[in-house]
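Structural characterization, general
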Amino acid sequence: MTSEFTIAVHALVFLNHKGTVFSSEGLAANVCTNAARIRKVMAKLKKADLVKTKEGVDGGYLFHRDSRDVNLSMVAEALDTPFVAASWKSGNPHMACLISSGMAGIMDELYGELNQCCQAYLEKVTIADLDSRIFTGAPKAVTAI
């Protein structure tokens, strides 16, 4: 997973709570990152229709959806976020040893299944849930998969 997911979720909760347009600079100050990173992430959220933009001097980003209808799986999909991934694979597919030649494929399957579990869990968590957790202190009860 990359930090894009964290930036996106933070920005959506913030925009939802504020209920108004915020510039990339304003979002960056709250997220504690730079405005260029905000713009990169927000462009993906706009493409997925999770935010709208306003042009001009008072321009920026607006969360225009019902926060109870936007779940974290939608955010992950907008960003094409894998939650479990490996940058290195063990073994060699050309070796005669079945373990060495088969392990990379087995691990890819395992990572794929773990990503599906993460997506299923995130479908149960909405932007409204996170807003509520922050401002009421009450954790949302999410049933384990």
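One can find the structure itself at the top, above this paragraph.
Residue indices follow the written sequence of each chain, beginning from 1 at its first position. For a predicted model such as this one, the threshold for reporting local features is a pLDDT of at least 70, and the threshold for listing and counting side-chain atom pairs is 80 or more; totals across whole chains, interfaces and linings nevertheless cover every residue. In computing side-chain properties, one takes all heavy atoms of the structure into account and sets aside hydrogens as well as water.

1. Some remarks on the nonpolar core
In these notes, a set of buried Ala, Val, Leu, Ile, Met, Phe, Trp, Tyr and Cys residues joined through side-chain atoms within 4.5 Å is what counts as a nonpolar core. The rule is simple: take the accessible area with a 1.4 Å probe, protein chains only, and divide by the maximum for that residue type; under 20% is buried, over 50% is exposed, in between is partly exposed. Among the nonpolar cores identified, the biggest contains 32 residues, and F5, L27, M42, L45, L72 and V75 are the most heavily contacted of them. Only DSSP runs of H or I reaching four residues or more are called helices, and only runs of E reaching two or more are called strands; each is numbered from the N terminus. Taken together, the elements giving at least two residues each to this core come down to α1 (3-18), α2 (24-31), α3 (35-47), α4 (72-79) and α6 (127-136). If sequence neighbours within four positions are ignored, F5 has contacts with L72, V75, A76, L79, T81, F83 and L122. Whether two residues touch is decided by their heavy atoms; if any such pair falls within 4.5 Å, the residues are in contact.

2. A closer look at the pattern of salt bridges
Whenever Lys or Arg places a side-chain nitrogen within 4 Å of a carboxyl oxygen from Asp or Glu, that contact is recorded as a salt bridge. For the structure on display, the rule yields five salt bridges. One salt bridge connects R68 with D66, and the closest N-O pair in it is separated by 2.7 Å. Residue classification places R68 among the exposed positions, given a relative accessible area of 60%. The exposure class of D66 is partly exposed, given its relative accessible area of 30%. One continuous salt-bridge network, built from bridges that share partners, spans E4, K40 and K44.

3. What about the state of the cysteines?
Criterion for a disulfide: a pair of cysteine sulfur atoms within 2.5 Å. Summed over all chains, the structure comprises zero disulfides. The closest cysteine sulfur to the non-disulfide-bonded C118 is located on C117, 7.1 Å from its own sulfur. For C118, a relative accessible area of 26% translates into the label partly exposed.

4. Some remarks on the packing of aromatic side chains
Working definition: rings of Phe, Tyr and Trp (its six-membered ring) pair if their centres are within 6.5 Å, and the pair is stacked with planes under 30 degrees apart, edge-to-face with planes over 60 apart, and tilted otherwise. The final tally for this structure, using the stated rule, is two aromatic pairs. Centre to centre, the rings of F5 and F83 are 5.2 Å apart; their planes meet at 85°, and the pair counts as edge-to-face. Of the two residues, F5 is situated in helix α1 and F83 in the loop between α4 and α5 (98-122); the sequence distance between them amounts to 78 residues. Considered together, F5 and F83 belong to a single accessibility category, that of buried residues. The interplanar angle of 70° and the centroid separation of 4.8 Å between the aromatic rings of F14 and F22 together place this pair among those described as edge-to-face. Residue F14 is classed as buried on the basis of its relative accessible area, which comes to 13%. On the basis of relative accessibility, which here comes to 22%, the residue F22 falls in the partly exposed class.

5. A look at the side chain of D131
Counting through the fold element by element, D131 comes out in helix α6. When charges are counted, Lys and Arg contribute as positive and Asp and Glu as negative, whereas His and the chain ends are disregarded. Here D131 sits buried without a salt bridge, and the closest side chain of opposite charge, K18, lies 9.6 Å off (N-O distance). Apart from the residues within four sequence positions on either side, D131 is in contact with V13, N16 and H17.

Spatial relationships are all this shows, so hold off on functional conclusions.
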